[in-house]
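# Coordinate analysis (summary)
One-letter residues, chain by chain:
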Amino acid sequence: MPRSRPPVLDSITPVILTMNEEPNLRRLLAALDWARDIVVVDSGSSDATLAILAEYPAVRVFHRPFDTHGNQWRYAVTDTGVTSDWVLRMDADYIVTPELRDELAVLTPLATITSYRIDFGYAIFGRRLSASLYPSNIVLFRGDAIEVFDKGHTEGWRTTYGTMGRLAGKLVHDDWKPMKGWIGSQARYMERELPHLKASPGGLKHRLRLSPPLMPIVMFLYTLFGRGMIFNGRAGLFYALQRLLAETALALFVLEDRMHAERAAEQTRSDENSAR
């Protein structure tokens, strides 16, 4: 049987990406008070993000202009001098729950385990939702055992060797940044999502997203009623409307792309007729 390693809490480096995360940072860093080394890669914050980070002696800040999530995370994990055995990758709007911290404190991975997947909770301005659409993902891993790649508007993660474990504790996504910033981000994300959507095969969700306006309507009704957000009050309605707005942005990009293609085809036919 593979030999066990000692608990990993003292050999974890949290790695965080930031861009104007003033409303979120102190919550996250307070929950990481056990970390001896915290790496932050900032992509050009103009609020108090950098000033807040300077208050924490364990934080090392790096600066890199953002191009894609895959490239940003790859730099954060491989080019910032992380020397610990394990990396805990964090968005600035994540919250490490006490249960997760306690689990990490006694974690003794088998020698074959090189990464861990985790489930997420979701909160709206501190109000915990009963469910969400936020997928589980790899968050804790050995730095030499992970590959990160661009995947639509976000990034994907996979282990390159070893086996994957699963953590019982959860991270909670709770973004306190203003909605005006969120709306702008979603527009950028969905613009990058479209090429991925067009290039990749897919099932029902894929077809719905390519058939405006079906997906925004389905997403709103599914989130509010199918996932029970209607029972979460204003926070649940807020979440359902966010999903509606995000899918509406994507639907608009789909329609715009098709209308541009139709116009280009019409212009080509017109040019061909004129040349005859």
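As shown above, the structure is provided for reference.
This section reports on the structure supplied with the text. Think of each chain on its own: its residues are numbered from 1, step by step along the sequence as written. Residues qualify for local features only when their pLDDT is at least 70, as the model is predicted, and side-chain atom pairs are given and counted only at 80 or more; totals for whole chains, interfaces and linings, by contrast, use all residues. Heavy atoms throughout the structure, all of them, feed into the side-chain values; hydrogens and water do not.

When DSSP finds at least two bridges between two strands, those strands are taken to pair. In this text, helices come from DSSP runs of H or I with a minimum length of four residues, and strands from runs of E with a minimum of two, each type numbered from the N-terminal end. Here four strands make up an open sheet; going across it, the order is β5-β13-β7-β8 and the pairing mixed. Since the sheet does not close on itself, it has two edges, and those belong to β5 (94-96) and β8 (127-128), each with one partner. Relative to strand β13 (residues 171-173), β5 is paired through three bridges, and the arrangement is antiparallel. Counterpart to Y94 in the pairing with β13 is H173.

Three labels apply to residues, based on accessible area from a 1.4 Å probe with only protein chains included: buried if under 20% of the type maximum, exposed if over 50%, partly exposed otherwise in between. Among the seven residues in strand β1 (residues 12-18), seven count as buried, and that is most of the element. Burial of β1 is two-sided: the residues I12, P14, I16 and T18 facing one way and the residues T13, V15 and L17 facing the other way are all buried. For β1 and strand β4 (residues 86-91), the ladder comprises six bridges, and the chain directions are parallel. For T13, the partnering residue across the bridge sits in β4 and is V87. Bridging between β1 and strand β2 (residues 38-42) involves four bridges; their strand directions are parallel. Bridge pairing in β2 places T18 opposite D42. Crossover connection from β1 via helix α1 (residues 22-31) to parallel β2: handedness right-handed. By convention a crossover is right-handed if, when the strands point away from the viewer, the path from the first strand over the helix to the second runs clockwise.

Our focus in this paragraph is the sheet that holds strand β6 (residues 113-118). Paired through backbone hydrogen bonds, the strands of a sheet run either parallel or antiparallel to each other. Spatially, the seven strands line up as an open sheet ordered β3-β2-β1-β4-β9-β6-β12, and their pairing is mixed. Edge positions in the sheet fall to β3 (59-63) and β12 (163-166), since each has one partner strand and no second. Pairwise comparison of adjacent strand axes, ignoring direction, gives a mean angle of 30 degrees for this sheet. Direction of pairing for β2 relative to β3: parallel, over a ladder of five bridges. Looking at β3, one finds that I38 is bridged to V59. Contact criterion: two residues are considered in contact whenever any of their non-hydrogen atoms come within 4.5 Å of each other. Axis definition: a line fitted to C-alpha atoms, limited for helices to the stretch in contact. Angles are taken between N-to-C directions and run from 0 to 180 degrees. Of the strands in this sheet, β1, β2, β3 and β4 touch α1, which is tilted by about 175 degrees from β1.

We now examine the nonpolar core. Residues belong to a common nonpolar core when they are buried Ala, Val, Leu, Ile, Met, Phe, Trp, Tyr or Cys residues joined through side-chain atoms within 4.5 Å. Core analysis: the largest hydrophobic core is formed by 33 residues, its most contacted members being I16, L104, L140 and L171. The element that contributes the greatest number of residues to this core is α1, accounting for four residues. In contact with L171, other than residues within four places in its own chain, are M90, Y94, I95, V96, L100, I118, D119, F120, G121 and V139. Formed by 15 residues, the second largest nonpolar core is a distinct cluster that contains V15, Y75, A76 and W157.

Attention now goes to the pattern of salt bridges. Side chains that carry opposite charge are capable of pairing whenever their charged atoms lie near each other. In what follows, salt bridge is the name for a side-chain nitrogen of Lys or Arg lying within 4 Å of a carboxyl oxygen of Asp or Glu. This structure, assessed with the given rule, holds 13 salt bridges. Close ionic contact of R158 with E147 constitutes a salt bridge, the shortest N to O distance being 3.1 Å. Of the two residues, R158 is situated in strand β11 (residues 154-159) and E147 in strand β10 (residues 146-151); the sequence distance between them amounts to 11 residues. The exposure class of E147 is partly exposed, given its relative accessible area of 34%. With a shortest N-O distance of 3.0 Å, D257 and K198 are connected by a salt bridge. Within this pair, whereas D257 is found in helix α8 (residues 233-275), its partner K198 is found in helix α5 (residues 179-199), the two being separated by 59 residues in sequence. Of the residues examined, D257 reaches a relative accessible area of 28% and is grouped as partly exposed. In this structure, a network of salt bridges that share partners links the residues E21, D175 and K177.

Further remarks concern the packing of aromatic side chains. Only Phe, Tyr and Trp rings are paired, with Trp represented by its six-membered ring, and only when their centres lie within 6.5 Å; those with planes under 30 degrees apart are stacked, over 60 edge-to-face, the remainder tilted. All told, the structure shown has nine aromatic pairs when counted by the stated rule. An aromatic cluster is present here, built from Y94, F120, Y122, Y134 and Y239 joined pairwise through their rings. The ring of W73 is capped by R89, whose NZ or CZ atom sits 5.8 Å from the centre of that ring. Positioned above the aromatic ring of Y239 is the side chain of R243, whose terminal nitrogen or guanidinium carbon lies 5.9 Å from the ring centre. Two conditions define a charge sitting above a ring: the NZ of Lys or the CZ of Arg must be within 6 Å of the ring centre, and it must be within 35 degrees of the ring normal.

Once that is clear, we can look at the packing of helix α7 (residues 214-226) against α8. Relative orientation of the contacting elements α7 and α8 amounts to 165 degrees, with a least axis distance of 8 Å. Viewed along their axes, α7 and α8 adopt a mutual orientation that is roughly antiparallel. Two packed elements cross with a definite hand, and for α7 against α8 that hand is right-handed. Between α7 and α8, the contacting residues are M215, P216, M219, F220, T223 and L224 on the first element and G236, L237, Y239, A240, L241, R243, L244, E247, T248 and A251 on the second. Split into classes, the residues belonging to the contact of α7 with α8 amount to 11 nonpolar, three polar and two charged. For classification, angles of less than 35 degrees are called roughly parallel, those exceeding 145 degrees roughly antiparallel, those between 65 and 115 degrees roughly perpendicular, and all remaining angles oblique. Left-handed describes a crossing in which the near helix is turned anticlockwise from the far one by less than a right angle; the clockwise case is right-handed. For this scheme, ten residues count as nonpolar: Ala, Val, Leu, Ile, Met, Phe, Trp, Tyr, Cys and Pro. Four count as charged, namely Asp, Glu, Lys and Arg, and the remainder, Gly too, count as polar.

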